[in-house]
Amino acid sequence: MRQVLCLPNGYIRPVWILILAFLVPLPRFNRHCEWLESTLKTKASDDVHYINLITHRRTGLPPTVRAPFAYRFLIPYMAARLPFGPYTSLNMINICLWALACAYMMLYLKGLGLSATVFNAGTLFFTCSFPAFYYTAIGYVDTWPVLCATWALYFWPILAKPLPVFLFFTLAVVGKESCMALLPFLVASAFVQNPANKSAAIKVMLAGLAGILAATLLARGLAPSHKTDFIWLPNLESMKNNLLKIRTLPSLFLGLGIQGTVVLAVLAIGRGRQVLMNQWPLLVGFGGFLVLWGFALVAAYADARPLWPAMVFSTSLFCHYWAVARNGWQGNH
């Protein structure tokens, strides 16, 4: 990461972005601010399962964790190694993973050769987003898919090959199954890397699917609970509950953020649409998590969490769009 530590004048210092990465989630750390939590009208839910995983890892006592939470033991087991309370340990790991995601996002954006204005806006919109504030430090494991998305974006020339993509998905999906939504992006990247060799993209797709299968079997085999018979299926009850919730639509736009909303607006209106189409693998990555949110709408619980990794791709698309716009479109409209 040495290159991002030596930015020219005018670029926001990486140390300030990393400080913000720690400060933005701080008001909700451990849900300790009663006034804020009562204002937000939130209550603990999934976090109890991850806390139970940490307690099980530390004590060996039988876990009281049901699927799908029992599959997501990677981050809780990392937290179990820390010498703090379970909740504090988990949220410290989450903040560190989030800060690391911000660092890789900075590295990627700097590698694009953006102007200081565009680079600063992109990094700030990503770091100071609503999901970073709302979800990072409240006992969930959703920082892991965001970090994996930044890895996919930054390391795609390496990951757009069969063996690396197999290992990547084996690790990523054990952390949280939503990471499988990254596969279309890496397949598209493999196609861009070898446009004359379609079999390369097919091999990456098959290797990615094999990694997802390996991770699924591994997670179910090592899950510290016998209550692991679970599969997500669309159902009318989930769809009705989500559609009737007053927070569902706001969570969509809060999860998209400024950059995601701009990307969707450009695609809808058409002004500069070709700029985004020229970066179609990023659109595929962005769309993969939009589809995931849509699936959550009809099969689970639709909030901003499934959209958080989409910000990795929408931030890049937003910066590409703005960079071209600043140069008078260069005929790309």
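Residues numbered from 1 in each chain as written. Predicted model: local features only at pLDDT ≥ 70, side-chain atom pairs only at ≥ 80, totals over all residues. Heavy atoms only, no water.

1. A look at the overall build of the chain
Okay, step 1: For the chain, the helix and strand inventory stands at 17 helices and zero strands.
Okay, step 2: The globule rule puts the C-alpha radius of gyration for 333 residues at 20 Å, and the 20 Å found for the chain is close to it.
Okay, step 3: With the principal axes as the frame, the chain shows a C-alpha extent of 65 × 50 × 45 Å.
Okay, step 4: Each of the 333 residues in the chain was classed as buried or not, and the buried ones make up 52%. (Helix = DSSP H or I, 4+ residues; strand = E, 2+ residues; numbered from the N terminus. Rg over C-alpha atoms; globule rule 2.2 N^0.38 Å. Buried < 20%, exposed > 50% of the residue type's maximum accessible area, 1.4 Å probe, protein only.)

2. Overview of the packing of aromatic side chains
The geometry of an aromatic ring pair is captured by two quantities: the separation of the ring centres and the angle between the planes.
Okay, step 1: Tallying each qualifying case throughout the model produces 21 aromatic pairs.
Okay, step 2: With centroids separated by 5.8 Å and ring planes inclined at 80 degrees, the aromatic side chains of Tyr-50 and Phe-69 adopt a geometry described as edge-to-face. With Tyr-50 in helix H3 (residues 47–59) and Phe-69 in the loop between H3 and helix H4 (74–79), the pair connects residues that are 19 residues apart, well separated along the chain. Accessibility assignment for this pair places Tyr-50 and Phe-69 in one class, buried.
Okay, step 3: Relative to Tyr-135, the ring of Phe-130 has its centre 6.4 Å away and its plane inclined at 85 degrees; by these criteria the two rings are edge-to-face.
Okay, step 4: Look at Phe-130 and you get partly exposed, because its relative accessible area is 24%.
Okay, step 5: Through pairs of rings, three or more aromatic residues link up here, namely Tyr-104, Trp-144, Trp-151, Tyr-154 and Phe-155.
Okay, step 6: Across the ring face of Tyr-301, the terminal group of Lys-245 is positioned such that the distance to the ring centre comes to 3.3 Å.
Okay, step 7: Across the ring face of Tyr-140, the terminal group of Arg-305 is positioned such that the distance to the ring centre comes to 4.4 Å. (Phe/Tyr/Trp six-rings, centres within 6.5 Å; stacked < 30°, edge-to-face > 60°. Lys NZ or Arg CZ within 6 Å of the ring centre and 35° of its normal.)

3. A few points about a nonpolar patch on the surface
Okay, step 1: On the surface, Val-15, Trp-16, Ile-19, Leu-23 and Leu-26 cluster together into a nonpolar patch covering about 470 Å² of accessible area.
Okay, step 2: Tracing the chain through its elements places Val-15 in helix H1 (residues 14–23).
Okay, step 3: By relative accessible area, which is 48% here, Val-15 ends up partly exposed. (Patch = residues over 30% accessible without salt bridge, like charges linked within 9 Å, V, L, I, M, F, W, Y side chains within 5 Å. Areas by Shrake-Rupley, 256 points an atom, 1.4 Å probe, with all protein chains shown as cover. Salt bridge = Lys/Arg side-chain N within 4 Å of Asp/Glu carboxyl O.)

4. Some remarks on the nonpolar core
Okay, step 1: Trp-98, Trp-144, Phe-168, Phe-169, Leu-182 and Phe-313 are the most contacted members of the largest nonpolar core, which has 102 residues in total.
Okay, step 2: Top element by residues in this core is helix H5 (residues 86–111). It accounts for 15 residues.
Okay, step 3: Leave out the neighbours within four places in its chain, and Leu-182 touches Cys-148, Ala-149, Ala-152, Phe-168, Phe-169, Phe-289 and Phe-313. (Core = buried A, V, L, I, M, F, W, Y, C linked by side-chain atoms within 4.5 Å. Contact = heavy atoms within 4.5 Å.)

5. Some thoughts on the pattern of salt bridges
Okay, step 1: Inspection of the entire model under this criterion finds eight salt bridges.
Okay, step 2: The partner of Arg-31 in a salt bridge is Asp-47, with the nearest N and O atoms 3.4 Å apart. Remark: Asp-47 occurs in helix H3 and Arg-31 occurs in the loop between H1 and helix H2 (34–40); sequence separation between them is 16 residues. Each member of the pair, Arg-31 together with Asp-47, is buried.
Okay, step 3: Note that Asp-142 is salt-bridged to Arg-305, the shortest N-O span being 3.7 Å.

6. Focus: helix H10 (residues 162–175)
Okay, step 1: Relative to the 20 Å expected for 14 residues at 1.5 Å per residue, H10 spans 20 Å between its end C-alpha atoms, a close match to the ideal helical length.
Okay, step 2: Buried residues along H10 sit in contact with H4, helix H8 (143–154), helix H9 (156–159), helix H11 (183–193) and helix H12 (198–222). (Expected span 1.5 Å × (residues − 1).)

7. Let's talk about the packing of H1 against helix H6 (residues 116–127)
Okay, step 1: Running from amino to carboxyl end, H1 crosses H6 at an angle of 15 degrees, the nearest separation of the two axes being 10 Å. Overall, the two elements H1 and H6 adopt an arrangement that is roughly parallel. Crossing hand, H1 versus H6: right-handed. Between H1 and H6, the contacting residues are Ile-17, Leu-20 and Ala-21 on the first element and Thr-123, Leu-124 and Thr-127 on the second.
Okay, step 2: Of the residues in the contact of H1 with H6, the class split is four nonpolar, two polar and no charged. (Axes fitted to C-alpha atoms, helices over the stretch in contact; angles between N-to-C directions. Parallel < 35°, antiparallel > 145°, perpendicular 65-115°, else oblique. Left-handed = near helix turned anticlockwise from the far one by under 90°. Nonpolar A, V, L, I, M, F, W, Y, C, P; charged D, E, K, R; others polar.)

8. Some remarks on the side chain of Thr-170
Okay, step 1: With respect to the helices and strands, Thr-170 occurs in helix H10.
Okay, step 2: Setting aside anything within four residues of it in sequence, one finds Thr-170 in contact with Gly-211, Ala-214 and Ala-215.

9. With respect to the state of the cysteines
Okay, step 1: Across all of its chains, the model carries zero disulfides by this definition.
Okay, step 2: Looking at the unpaired Cys-96, the closest cysteine sulfur is the one in Cys-102, lying at 12 Å.
Okay, step 3: Judged by its relative accessible area of 45%, Cys-96 is partly exposed. (Disulfide = S-S within 2.5 Å.)

10. Looking at the packing of H11 against helix H16 (residues 280–299)
Okay, step 1: Where H11 contacts H16, the axes come no closer than 8 Å and their chain directions differ by 170 degrees. Looking at the two axes, H11 sits roughly antiparallel to H16. Packed against H11, whose contacting residues are Pro-184, Phe-185, Ala-188, Ser-189, Phe-191 and Val-192, the element H16 presents Trp-280, Pro-281, Leu-282, Val-284 and Gly-285 at the interface.
Okay, step 2: In terms of residue class, the contact of H11 with H16 is built from nine nonpolar, two polar and no charged.

11. Some remarks on the side chain of Ser-178
Okay, step 1: Along the chain, Ser-178 turns up in the loop between H10 and H11.
Okay, step 2: Those residues in contact with Ser-178 that lie beyond four places of it in its chain are Pro-145, Phe-289 and Leu-292.

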